[in-house]
Amino acid sequence: MRRKVIFLILYFSIMSFVYSNYKMKDNTIFFNDIAVYRKNHFGVMVPADIKSFKIINDRYAKDRYTVYFMGEEIRDSDLETFEVVGRGISKDKNSVYKYWTKLNDLDIPLDIPTVKVFNEKNIDYLNTYLKDKNGIYYSGSEAMMTFLRKLDIVDEKTFQELEKGYAKDKDRIYYKGKEIKNADMKTFRIMKEDENENRYYSEDKNNIYYEGRKIKNADMKTFEILNPYWYSKDRNRVYYDGEVINDIDVNSMEIIDREYIRDKNNVYHYDKRLEGRDAKTFEKINSYYTKDRNNVYYDDKKIENAVAGTFEIIDSYYAKDENRIYYEGEVIKNADVNTFKIIKSHYTKDKNNVYCRTGIIEGADSDTFEIVNIDKELTRDKNNEYSYCKKVDDE
């Protein structure tokens, strides 16, 4: 989880060109308001050593024990031989790293002494082309996992990195280390940026490409990139991630939000048509609930007997209509709509009962029930103590 948070900070700091420094506060080192920790010899997470802590640059730092990238430990790094190569790549005598991941562990051997990056001053850390004496490579991330890809066929003498994952040599165009098959070198161009300054679309005189893949049968004269970028269209078709959305009416198609689109007849979740939706009245209520004039849905599943006309959100997971209370689309049986309240997180109550998600906490007193420690699921009332929604005595 911690590394996912750090990865998101990395992504958004690069996208917004915000460069955050390491800072010390209350005898603790922070990066972007997150305390910097390392794992000691016993496997216990301990704070970075303040006395020996040194900043290498805006993202890298070290203490007497280890090296850090954006506050996250580069484990097993060798302090004496460690050096920053550039654009998220670093190395020591034993390994090459992208952020904090050992690229040597990704089944593609690298010649450590000769590793260099292309365009060292380029601020794009997410898309990195690098080389050693044996070849040229691309390193990127998918689903928050770092990968390394070797370019199988490439003319090293004429190779040059372009931008946003694109590169070329005298014979080929590449996107994220993969050749864009049959791209016309003379007319190839990268198309406009999205809101995060990524460039997923490209074109030449013959074709339009999405993430390096040809969009089949696209009409080049009328092709249009929509917002969000994974949708596009031409006079004949609508596309999601470069693939045709079947049977959608191009002329009446409109984007509802980042997940949902519709035409005059149907509603679609990304590229999947949702059966039984009233296209005219369909709306997204929050991240989980949607509705039309007839029905309410949670995670695209119909909530049986929900009253669309009076349905409203209480908070992210809880909702109500004139008759019932719902948690994650499931009815909380016997809950009183008029007196229902959220205590905290998945604990709720009404005048009669206390609830844990959709179930009644048996014997709990609604008036005096309180949270003791939400992380440990400890609660109590005037009569009993509870652990994970059950009386302690019952366990």
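Cut-off values and rules
- Residues numbered from 1 in each chain as written.
- Predicted model: local features only at pLDDT ≥ 70, side-chain atom pairs only at ≥ 80, totals over all residues.
- Heavy atoms only, no water.
- Phe/Tyr/Trp six-rings, centres within 6.5 Å; stacked < 30°, edge-to-face > 60°.
- Helix = DSSP H or I, 4+ residues; strand = E, 2+ residues; numbered from the N terminus.
- Buried < 20%, exposed > 50% of the residue type's maximum accessible area, 1.4 Å probe, protein only.
- Lys NZ or Arg CZ within 6 Å of the ring centre and 35° of its normal.
- Disulfide = S-S within 2.5 Å.
- Pairing = 2+ DSSP bridges.
- Salt bridge = Lys/Arg side-chain N within 4 Å of Asp/Glu carboxyl O.
- pLDDT = per-residue confidence, 0-100.
- Contact = heavy atoms within 4.5 Å.
- Lys, Arg positive; Asp, Glu negative; His and termini not counted.
- Polar contact = N/O pair within 3.5 Å; in protein donor to acceptor, adjacent residues only side chain to side chain.

**Examining the packing of aromatic side chains**
(1) Moving on: Taken as a whole, this structure holds 37 aromatic pairs when the rule is applied.
(2) Moving on: Consider the rings of Tyr200 and Tyr229, whose centres lie 4.2 Å apart with planes at 10 degrees: the pair is stacked. Here Tyr200, found in the loop between β22 (189–190) and β23 (201–203), pairs with Tyr229, found in the loop between β26 (224–225) and β27 (231–233); they are 29 residues apart in sequence, far enough to count as distant. Exposure class is identical for Tyr200 and Tyr229. Each is buried.
(3) Moving on: For the ring pair Tyr231 and Tyr240, a centre distance of 5.8 Å and an interplane angle of 50 degrees mean the geometry is tilted. Considered together, Tyr231 and Tyr240 belong to a single accessibility category, that of buried residues.
(4) Moving on: Taken together, the ring pairs in this structure connect Tyr288, Tyr289, Tyr298, Phe311, Tyr317, Tyr318, Tyr326, Tyr327, Phe340 and Tyr355 into an aromatic cluster.
(5) Moving on: For the cation-ring pair, Arg59 lies above Tyr125, with the distance from its terminal atom to the ring centre recorded as 4.2 Å.

**Notes on the state of the cysteines**
A covalent bond between the sulfur atoms of two cysteines is what we call a disulfide.
(1) Moving on: Tallied over the entire structure, the rule returns one disulfide.
(2) Moving on: Disulfide pairing places Cys356 opposite Cys389 at an S-S distance of 2.0 Å. Taking the sign of the S-S torsion, 45 degrees for the link of Cys356 and Cys389, the bridge is right-handed. Placement of the pair is Cys356 in strand β44 (residues 354–356) and Cys389 in the loop between β48 (385–387) and β49 (390–391), with a sequence separation of 33 residues.
(3) Moving on: Residue classification places Cys356 among the buried residues on the basis of a relative accessible area of 11%.

**Remarks on the sheet that holds strand β12 (residues 96–98)**
(1) Moving on: If you walk across this open sheet you meet the four strands as β10-β11-β12-β13, and the pairing is antiparallel. This sheet does not close on itself; its edge strands, each paired only once, are β10 (83–86) and β13 (101–102).

**Some words on the pattern of salt bridges**
(1) Moving on: The full count for this structure, using the stated rule, is 17 salt bridges.
(2) Moving on: Glu275 is the salt-bridge partner of Arg273, the closest N and O atoms lying 3.5 Å from each other.
(3) Moving on: Take Glu275: its relative accessible area is 56%, and that puts it in the exposed class.
(4) Moving on: Overlapping salt bridges bring together Asp169, Arg172, Glu179 and Lys181 as one network.

**Quick look at the confidence of the model for the chain**
(1) Moving on: Averaged over all residues, the pLDDT of the chain equals 93, while 94% of them reach at least 70.
(2) Moving on: Note on residues 14–19: pLDDT is under 50 here. Beyond four places in sequence and across chains, it has 13 contacts.

**Here's the deal with the environment of Asp33**
(1) Moving on: Positionally, Asp33 belongs in the loop between β2 (28–31) and β3 (34–35).
(2) Moving on: The exposed category is assigned to Asp33, whose relative accessible area is 73%.
(3) Moving on: In the structure, Asp33 is positioned twelve residues away from Asn21 in sequence and 10.0 Å away in space, judged by C-alpha atoms.

**Quick look at the side chain of Asp292**
(1) Moving on: Looking at the secondary structure, you find Asp292 in the loop between β35 (289–291) and β36 (296–298).
(2) Moving on: Buried charge without a salt bridge: Asp292, with Arg277 as the nearest opposite-charge side chain at an N-O distance of 5.4 Å.
(3) Moving on: At a separation of 2.9 Å, a polar atom in the side chain of Asp292 contacts the main-chain amide nitrogen of Asp278.
(4) Moving on: Polar contacts involving the side chain of Asp292 include one to the main-chain amide nitrogen of Asn295, which spans 2.8 Å.

**Some details on the sheet that holds β3**
(1) Moving on: Taken in spatial order, the three strands make up an open sheet running β1-β2-β3, and their pairing is antiparallel. The open sheet has two edge strands with one neighbour each: β1 (22–25) and β3.
(2) Moving on: Direction of pairing for β1 relative to β2: antiparallel, over a ladder of four bridges. Directly across from Lys23, in β2, lies its bridge partner Phe30.

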